[in-house]
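# Inside the fold
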Amino acid sequence: MADKLDTLNEIWVFIEQARQEINMSSWELLGEARRLASDIKAKVAGVLLGSGVESLQEEIFNRGADKLYMIDDEILKDYRTQTYASGLFEIAKKYMPEIILMGATVTGRDLASAVATHLQTGLTADCTQLEIEAETRLLKQTRPAWGGNVMATILCKDHRPQMATVRPRVFEEAIPSNGSKGELIKETISMKEADVKTKIIDYLPSEQEDVVELENAEVIVAGGRGLASQRNFDMLSQLAEMLGGEVGASRPVIEMGWMPFPHQVGQTGKTVRPKLYFAAGISGAVQHLAGMQHSNVIVAINKDKDAAIFNVATYGIVGDLFELLPEIIKAVSEYKSTKK
Amino acid sequence: MIECNIDILKKDIANKRLDMHIVVCIKQVPDTTQARIDPKTNTLIREGMPTIVNPYDLHALEEGVRIKEEYGGKVTVLTMGPPQAKDAIREGISHGCDEGILLTDRAFAGSDTLATSYVLSEAIKRVDLDEKVDLVICGKQSIDGDTAQVGPGIAQRLDLSQLTYVIKVRSIDLKKNSMIVERQLEDGRQIVEARMPALMTVVKEINETRYSSLSNLIKAAKYEPAVWNQEVLGLDTTKIGLKGSPTTVRKIFAPPPREAGEIINNEGESSKEVAEKLLKLLIEKEVI
């Protein structure tokens, strides 16, 4: 079926940038696109929209793009749905790539939905697994649904491009290789400022103390209801600080107001994949597991030996966290001081 | 003297009240915390699964009613679903909506997000013909599909200003047909001024939902929403239901469980011994 549709054999990755800084999810997508491309002998192309973004091309080529489609225009200075959707729609319609991948970020989801509507094609949200089906060359797009209880594999058979947003921190970043070259294709946008219905008045970065870089943290020390009070999170902060990590929390903790929302890990919070994830007093509801089960090493401490968290834990400890945590903190602190 | 008062009055009306018409789109969803898969057939066990109004949509309803209370006007609640989704409309009425419309037809079944946004946008067009729509509000996403695609789909089809992940409505100026909102991004807030009509999707933090008043509950219990089916709407049949959906589900399955490791402590071991054992393992794995 797929070969009847007149498309360009390319996989496009939308390169998401804000204030000339590229979102890490774009590198993950370039890595994944490269893997998929080898199955269908396609080219990997980045698509970059923005203002004053030409200098970003080098890193995009270094991260493995064969080509880069770029619209550099003042009208694209800030992300706005209307201008970005218009620009991306125009070039997608012109070249009609086989596949377009975007990060399942706030911007990626906002933009992908708008563009897919104009292209009248299928869009699969928040994929965690992508595969090319050998016999049909179709993109198998797998994603969690129903609160993470179910996985669904979605196909877009008769419409092009096949579009998907991909959950951040699920795929590995493409490793940069310096000095890589690629083909730059400059495009223009026809929309004029007078036609744009929105204006960005301001951007307010989160307060410093609210900035929690959970997605990029190598170590996360997370607590759940078992911590019993807000005060006990001090122990987690202490351990996190020693390990150069961040403090995470399960949803009940957020709902009880012990920790602010940016710390929430799980289906309705953040998806993380640190090297080390400590789960203290977290029972392991599916919604929480959905957000952290890709962590490299998981340590779980819970007094209930049947807690679901032990089903995903690399190392489980059944016991009283109020006795265990101080000892762990002590052991880690001694280890760290001998290393210095 | 009299003239002067009239002027003030006129100005007051112009500034404050025109009749604002808000449409809130909601979805009846299964309570996904109870979703299970039959391991033999790999199909969803739907039996006995209770339905609720999508939690994000409750905040959309609340925001619609709050805007109505501040600026005047009315709120129409809209849902697409099976006949029993009438209950969702009634819940909307109990939260303070003035009117409700249920879009239901076998021909709509199996619609993906593209087809769903088509049905909803055509229904909103019809509502708009009767009474001009200034603002459409949706929850940021549903908890069963989790796509966040239908709201934007409606905005694009109707050429509305698209405002997703709204955490605060700062102001609405009906005279200028413009509104200012705050959007919640990963690392901060974007303040956007948008021309109306607009569509916004809201996050939970935008408001606290209130309890329904007794009078609204009584009104809701007796409320019979308008029911629009394919005959009423006369939609392009190639754009609805399974046929109108570019995406198809190849298969569904239970998520593969992560391989569990080991419980590292034994009974009778002291916390100190366990902590040291853990430290050794973590050093071996090179994660600290």
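Residues numbered from 1 in each chain as written. Chains lettered and ligands numbered in written order. Predicted model: local features only at pLDDT ≥ 70, side-chain atom pairs only at ≥ 80, totals over all residues. Heavy atoms only, no water.

Before going further, it helps to examine the overall build of chain A. Helix and strand content of chain A: eight helices and 18 strands. Relative to the compact-globule value of 20 Å for 340 residues, chain A shows a C-alpha radius of gyration of 22 Å, a close match. Each principal axis of the C-alpha distribution contributes one length, and for chain A these read about 65 × 45 × 40 Å. Looking at the 340 residues of chain A, the share that counts as buried comes to 59%. Across chain A, the fraction of contacts at a sequence separation of at least 24, relative to all contacts at a separation of at least 6, is 64%. Surface exposure of chain A reaches about 13700 Å², of which carbon and sulfur atoms provide 48%. Averaging the coordinates of the 37 positive side-chain charges in chain A and doing the same for the 47 negative ones gives two points 3 Å apart. (Helix = DSSP H or I, 4+ residues; strand = E, 2+ residues; numbered from the N terminus. Rg over C-alpha atoms; globule rule 2.2 N^0.38 Å. Buried < 20%, exposed > 50% of the residue type's maximum accessible area, 1.4 Å probe, protein only. Contact = heavy atoms within 4.5 Å. Areas by Shrake-Rupley, 256 points an atom, 1.4 Å probe, with all protein chains shown as cover. Lys, Arg positive; Asp, Glu negative; His and termini not counted. Charge placed at Lys NZ, Arg CZ, Asp CG, Glu CD.)

Moving on, we get to the overall build of chain B. Each helix and strand in chain B was counted, giving eight helices and 15 strands. Sequence-distant contacts in chain B: of pairs separated by 6 or more residues, those separated by 24 or more amount to 71%. Total accessible area computed for chain B in this model is approximately 14300 Å², and 51% of it derives from carbon and sulfur atoms.

By size, the foremost hydrophobic cluster in this structure holds 40 residues, and its most contacted members are Phe233(A), Leu239(A), Leu276(A), Phe278(A), Leu278(B) and Leu282(B). With eight residues, helix 8 (residues 321–339) of chain A is the largest single contributor of residues to this core. Filtering out sequence-adjacent residues up to four positions away, Phe233(A) remains in contact with Gly223(A), Leu227(A), Val247(A), Gly248(A), Ala249(A), Val253(A), Trp258(A) and Met259(A). Formed by 36 residues, the second largest nonpolar core is a distinct cluster that contains Val24(B), Leu135(B), Met179(B) and Met196(B). (Core = buried A, V, L, I, M, F, W, Y, C linked by side-chain atoms within 4.5 Å.)

Attention now goes to the interface of chain B and chain A. Across the contact, 79 residues belong to chain B and 82 residues belong to chain A. The contact between chain B and chain A buries some 6900 Å² in all, and 56% of this surface belongs to carbon and sulfur atoms. Of all residues in chain B, Arg250(B), Arg258(B) and Ile288(B) give up the largest surface area on contact with chain A, accounting jointly for 11% of the area buried on that side. If you look at where chain B meets chain A, you find four salt bridges. (Buried area = accessible area lost by both parts, 1.4 Å probe. Salt bridge = Lys/Arg side-chain N within 4 Å of Asp/Glu carboxyl O.)

The next subject is helix 5 (residues 150–157) of chain B. Each α-helix turn comprises 3.6 residues. Residues three or four places apart therefore point the same way. Residue and element names in this part refer to chain B. Taking burial as the measure, the eight residues of helix 5 include six buried ones, the bulk of the element. Regarding helix 5, the residues found buried are Gly151, Pro152, Gly153, Ile154, Ala155 and Gln156. Backbone geometry just downstream of helix 5 places aspartate 159 in the positive-phi region, at approximately 55°.

All names here are of chain A. On domain assignment, one finds that chain A holds domain 1 (4–195) and domain 2 (214–338). The centre of domain 1, based on its C-alpha atoms, is set 34 Å off from the matching centre of domain 2. Each side of the interface is counted separately: domain 1 has ten residues, and domain 2 has eight residues. Between domain 1 and domain 2, roughly 830 Å² of surface is buried when both sides are summed, and carbon and sulfur atoms account for 45% of that area. Among the residues domain 1 hides against domain 2, the three largest losses belong to Gly147, Arg167 and Arg169. Together they make up 59% of the total. Between domain 1 and domain 2 we count one salt bridge in total. A salt bridge links glutamate 172 to arginine 273, with the shortest nitrogen-to-oxygen separation between them at 3.5 Å. (Domains from an automatic or database assignment.)

Taking strand neighbours across the sheet as the criterion, the ten strands line up as 13(A)-11(B)-10(B)-9(B)-12(B)-8(B)-1(B)-6(B)-7(B)-13(B) in an open arrangement whose pairing is mixed. Each of the sheet's edge strands pairs with one partner strand only, and the pair in question is strand 13 (198–205) of chain A together with strand 13 (226–228) of chain B. Adjacent strand axes in the sheet meet at a mean angle of 30°, parallel and antiparallel pairs treated alike. Sheet topology note: the strand 1 (residues 20–26) of chain B/strand 8 (residues 135–139) of chain B ladder contains four bridges and is parallel. (Pairing = 2+ DSSP bridges. Axes fitted to C-alpha atoms, helices over the stretch in contact; angles between N-to-C directions.)

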